[in-house]
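Residue-level listing of the chains:
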Amino acid sequence: MNTNSFNIQNVIRLTKNRIIESKRKLLLQALLYYGIILCIGFFWLSITNNDLPYIIMYTGFLIFFFAVNTASFFANILEDIQTKESNCFYFMIPASISEKFVSRLAFVIIKCIFLLGITFILAELTRYMLDLLLGMPNFNIIKCYSQSLSVNQNLVMNTYNVILSIWILSTFILGGCWYRKRPFGKVILWHILLFMLIMIIGKNLFFYFIQVNSVFTQDVAELTEEYARQGQNIVSVIEILFTLLSVFNIWLSYRLFKRRQIIK
């Protein structure tokens, strides 16, 4: 078999087999997530008459819940082949390395959609029906999110957020292929250290910019315009950098994945 070949049918077959093998675990996780989202939404929104502070708390909970679980899913991309026996058995499957790697990415994406997206929609629909049956005030958070997304038309920041999210997920994929134990926690630690370093560098650059463009030499309007222009340039450079880093992380993850195969 050509280990460098790539056939989309093999990717679909591998992904389908993985879903079938994990269907019981996926259903149990979906039931757990469904219950958590339903209970939190019902007690934070329905019972509290949809007060604004509780809406903000519920939104923050959803963002945190989805972000942590998505990162955890990608960090545990190799969770089922950690032992020597499972690793040997997996790489004996008749498929190329690239097909196996892409199928694992596809499985994680489907897992995120099923466990987070579909369960969230079902939990919100259930809460909506309970509010109608119990005569409680209803707040359609799905409609609220869709309206807020349609209003927010800042293409630059939306593109930046998407690219940044892809880079963050690529780091968890890389961590999952590099670390054999607790990859999620270790990648989180690296992100905390990187964030602290960026904050230190960013603060120094900010004060340097203020000193160079002092208000004593420029008026406020010129300083604001210069700051906005340099900010846009910095965002563009950061987007290109994160895009290249994301591609590099995926490539390096694939190289590490290839090293796990059986070498005779």
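Given the structure is predicted, the values throughout are model-derived calculations rather than measurements.

Participant: Lay out helix α2 (residues 23-46) in plain terms, naming residues and giving numbers.
Facilitator: An α-helix turns once every 3.6 residues. As a result, residues three or four positions apart point the same way. Taking 1.5 Å of rise per residue, 24 residues should cover 34 Å, and α2 covers 32 Å from first to last C-alpha, within 8% of that figure. Taken together, the buried positions of α2 are occupied by Leu26, Gln29, Ala30, Tyr33, Ile37, Leu38, Gly41, Phe42, Leu45 and Ser46. At its buried positions, α2 is contacted by α1 (8-21), α3 (52-75) and α5 (97-134).

Participant: Help me get a handle on helix α4 (residues 84-91), residues and values and all.
Facilitator: Of the positions making up α4, those classed as buried are Asn87, Tyr90 and Phe91. With its buried residues spanning 90° around the axis, α4 presents them on a single face. Facing away from the buried surface of α4 by more than 90 degrees, the exposed residues are Glu85 and Phe89.

Participant: A description of the packing of α1 against α5 should follow, citing residues and the corresponding values.
Facilitator: Two elements in contact, α1 and α5, have axes separated by 8 Å at closest approach and are oriented at 50°. Accordingly, the angle class assigned to the pair α1 and α5 is oblique. Helix-helix and strand crossings are classified by hand; for α1 and α5 the assignment is right-handed. For the pair formed by α1 and α5, the contact residues are Asn10, Val11, Leu14, Thr15, Arg18 and Ile19 on the first element and Glu99, Lys100, Val102, Ser103, Arg104, Ala106, Phe107 and Ile110 on the second. When the residues that make up the contact of α1 with α5 are grouped by side-chain class, the tally is seven nonpolar, three polar and four charged.

Participant: Any chance you could break down the pattern of salt bridges for me, citing the residues and the numbers?
Facilitator: Opposite charge on two side chains lets them pair, provided their charged atoms get close. Scanning all chains against the criterion turns up six salt bridges. Ionic pairing is found between Glu79 and Lys25, a salt bridge with its closest N-O pair at 3.7 Å. With Glu79 in the loop between α3 and α4 and Lys25 in helix α2, this residue pair connects regions lying 54 residues apart in the sequence. The closest approach of N and O atoms between Asp131 and Arg127, which form a salt bridge, is 3.4 Å. Pair noted here: Asp131 and Arg127 are both in helix α5, with a separation of four residues, about one helical turn. Of the two residues, Asp131 and Arg127, neither departs from the other in class, the shared state being buried. Shared partners join several salt bridges into a network, and the residues in it are Arg18, Asp80 and Arg104.

Here is what the cut-offs are and how they apply
Residues numbered from 1 in each chain as written. Predicted model: local features only at pLDDT ≥ 70, side-chain atom pairs only at ≥ 80, totals over all residues. Heavy atoms only, no water. Helix = DSSP H or I, 4+ residues; strand = E, 2+ residues; numbered from the N terminus. Expected span 1.5 Å × (residues − 1). Buried < 20%, exposed > 50% of the residue type's maximum accessible area, 1.4 Å probe, protein only. Contact = heavy atoms within 4.5 Å. Arc of directions from axis to C-beta. Axes fitted to C-alpha atoms, helices over the stretch in contact; angles between N-to-C directions. Parallel < 35°, antiparallel > 145°, perpendicular 65-115°, else oblique. Left-handed = near helix turned anticlockwise from the far one by under 90°. Nonpolar A, V, L, I, M, F, W, Y, C, P; charged D, E, K, R; others polar. Salt bridge = Lys/Arg side-chain N within 4 Å of Asp/Glu carboxyl O.

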